[in-house]
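Architecture and fold: a report
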Number of protein chains: 2
Amino acid sequence: MGTKQYTGAPEDADLMRADSLAREIFSDIANKWAFLIIEFLGERTLRFSELRNEVEGISHKMLTQNLRMLERNGLVERTVHPTVPPRVEYTLTEPGQALRATVDGMCGWTHKYLGRIEDSRRRFGA
Amino acid sequence: MGTKQYTGAPEDADLMRADSLAREIFSDIANKWAFLIIEFLGERTLRFSELRNEVEGISHKMLTQNLRMLERNGLVERTVHPTVPPRVEYTLTEPGQALRATVDGMCGWTHKYLGRIEDSRRRFGA
DNA sequence: CTGGATCCAAGCCGATACTG
DNA sequence: CAGTATCGGCTTGGATCCAG
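Residues numbered from 1 in each chain as written. Chains lettered and ligands numbered in written order. Predicted model: local features only at pLDDT ≥ 70, side-chain atom pairs only at ≥ 80, totals over all residues. Heavy atoms only, no water.

**Quick notes on the overall build of chain A**
Cut-off, in case you're wondering: Secondary structure follows DSSP: runs of H or I at least 4 residues long count as helices, runs of E at least 2 residues long count as strands, and numbering of each begins at the N terminus. Classification of residues uses two cut-offs on accessible area relative to the type maximum, computed with a 1.4 Å probe and protein chains only: under 20% is buried, over 50% is exposed, and between them is partly exposed. Pairs of residues are marked as contacts when any of their non-hydrogen atoms sit within 4.5 Å. For the area figures, the Shrake-Rupley method with a 1.4 Å probe applies, and any residue is considered shielded solely by the protein chains shown.
Within chain A, the regular secondary structure consists of 6 helices and 3 strands. Order of helices (α) and strands (β) in chain A, N terminus to C terminus: α-α-α-β-α-α-β-β-α. Across the 126 residues that make up chain A, the buried fraction comes to 45%. Once local pairs closer than 6 in sequence are excluded, the contacts in chain A between residues at least 24 apart make up 47%. Surface accessibility of chain A: about 6,400 Å² in total, with carbon and sulfur atoms responsible for 51%.

**Focus on the sheet that holds strand β2 (residues 76-81) of chain B**
All names here are of chain B. Worth spelling out the cut-off: At least two DSSP bridges between two strands are needed for those strands to be called paired.
Here 3 strands make up an open sheet; going across it, the order is β1-β3-β2 and the pairing antiparallel. Strands with a single pairing partner mark the edges of an open sheet, and in this sheet they are β1 (46-47) and β2. In terms of strand pairing, β1 meets strand β3 (residues 87-92) through 2 bridges, oriented antiparallel. Within β3, the residue paired with R47 across the bridge is E89.

**Overview of the protein's contact with DNA strand D**
Spelled out, the test is: What makes a residue near a molecule or strand is one non-hydrogen atom of that residue sitting within 4 Å of it. Polar contact is defined as a pair of N or O atoms within 3.5 Å, subject to the rule that within protein one atom must be able to donate a hydrogen and the other to accept it, and that residues adjacent in sequence are counted only when both atoms are side-chain atoms. Charged residues are taken to be Asp, Glu, Lys and Arg, nonpolar residues to be Ala, Val, Leu, Ile, Met, Phe, Trp, Tyr, Cys and Pro, and polar residues to be all remaining types, Gly included.
Of all residues adjacent to DNA strand D, which total 16 residues, the nearest are S49(A), R78(A), Y90(A), S59(B) and K61(B). Here DNA strand D approaches the protein such that, of its atoms within 4 Å, sugar and phosphate make up 60%. Separating a phosphate oxygen of DNA strand D from a side-chain N or O atom of Y90(A) is a distance of 2.8 Å. The separation between a phosphate oxygen of DNA strand D and a polar side-chain atom of S59(B) is 2.4 Å. Looking at the surface near DNA strand D, the elements with two or more residues in it are α4 (48-54), α5 (60-72) and β3 (87-92) of chain A together with α5 (60-72) of chain B. The leading source of residues in the surface near DNA strand D is α5(A), at 4 residues. The class makeup of the residues in the surface near DNA strand D is 7 nonpolar, 4 polar and 5 charged.

**Regarding the relation of the copies chain B and chain A**
In summary, the two copies of the chain are related to each other by a rotation about an axis coupled with a shift along it. Spelled out, the test is: To line up the copies, we fit them by least squares on C-alpha atoms, keeping just the residues with pLDDT of at least 70 in both.
Of the transformation placing chain B onto chain A, the axial shift is 0.0 Å and the rotation is 180°, giving an RMSD of 0.1 Å. In symmetry terms, the pair is related by a two-fold rotation axis. Judged by C-alpha distance, N31(B) is the residue of chain B that lies nearest the rotation axis, at 2.5 Å. Interface overlap between copies is the fraction of interface residues in one copy that are interface residues in the other; for chain B against chain A it reaches 100%, indicating a shared surface.

**Description of the protein's contact with DNA strand C**
Around DNA strand C, the surrounding shell holds 16 residues, and the nearest of these are S59(A), K61(A), S49(B), H60(B) and R78(B). Counting only atoms of DNA strand C within 4 Å of the protein, the fraction found in sugar and phosphate groups is 61%. In this structure, a phosphate oxygen belonging to DNA strand C sits 2.3 Å away from a side-chain N or O atom of S59(A). No other element matches α5(B), which puts 4 residues into the surface near DNA strand C. Grouping the constituent residues of the surface near DNA strand C by class yields 7 nonpolar, 4 polar and 5 charged.

**Some thoughts on the packing of helix α2 (residues 20-29) of chain A against helix α3 (residues 32-43) of chain B**
We apply this condition: Orientation is described by axes fitted as lines to C-alpha atoms, over the contacting stretch for helices, and by angles from 0 to 180 degrees between their N-to-C directions. Should an angle fall under 35 degrees it is called roughly parallel, over 145 degrees roughly antiparallel, and 65 to 115 degrees roughly perpendicular, with every other angle called oblique.
Contact pair α2(A) / α3(B): the axes reach a minimum separation of 9 Å and the direction vectors enclose 125°. As judged from the angle between their axes, α2(A) and α3(B) are oblique. On α3(B), the residues touching R23(A), F26(A) and S27(A) of α2(A) are K32(B), W33(B), F35(B) and L36(B). Tallied by class, the residues present in the contact of α2(A) with α3(B) amount to 4 nonpolar, 1 polar and 2 charged.

**What to know about the environment of E50(A)**
Residue and element names in this part refer to chain A. Of note, E50 is situated in helix α4. The partly exposed category is assigned to E50, whose relative accessible area is 27%. Here the alpha-carbon distance between E50 and E89, two residues 39 residues apart in the chain, equals 9.4 Å. The contacts of E50, once residues within four sequence positions are left out, are R44 and T45.

Set out below in structure tokens:
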């Protein structure tokens, strides 16, 4: 547990202090819908409508919006099959897969500490 | 790079599908301010006003709000020194430190793919 | 210094309707 | 099926003021 072992730069936090582009990307991606989309696309390629079903509670609009954002940042690739009706598939790119490992880490974390968090909440009360 | 190696449950995504508490916690924490706070607190214990300076652009209100949320979920511990003027320090708990590793991963990711993302954005255009 | 409360604008997000 | 556009409510979040 005491073994920290991250591969980033000497001081990762410096990134968030200095570089405005990094800040922007960070702000783009650090939201729950993007994470959930990445998590599900990590398992397999999915169509728009499949994604809509997997990511419970997401609206048509939010899904579109986040997919565009992820595509723009190169995390997701969009391939259109020119059939009728149209078939559009979304896949994680290599950068997307790389980030997926991180998101997975967060899922694992949630799983691991679920009970403890519940306790903490109860203690905190209101 | 091809070596995926996450420690979570067999299918982490199932967590996000099924457990509503997990979903709620996930939604709480997966936001940029929380991540930035965790990142900076990971480096060292900080006072309220120090955090305000470190996390560039955060408002008084957002900082308070997120700190309460993180405290409630047991990621951050708040210690009040009964001096005058008051001195309040925030530290990461063990769960908080554990999540910090993940956030660090995301910072490292941003750093690593910054150039590629920039390219992708340019290609994407509008 | 820390932080609660209030007011108000900006923008998010869902619903709906409409194209290819 | 996939996606865009528009509208309107309602949440979010910043500014400000007050208290301990």
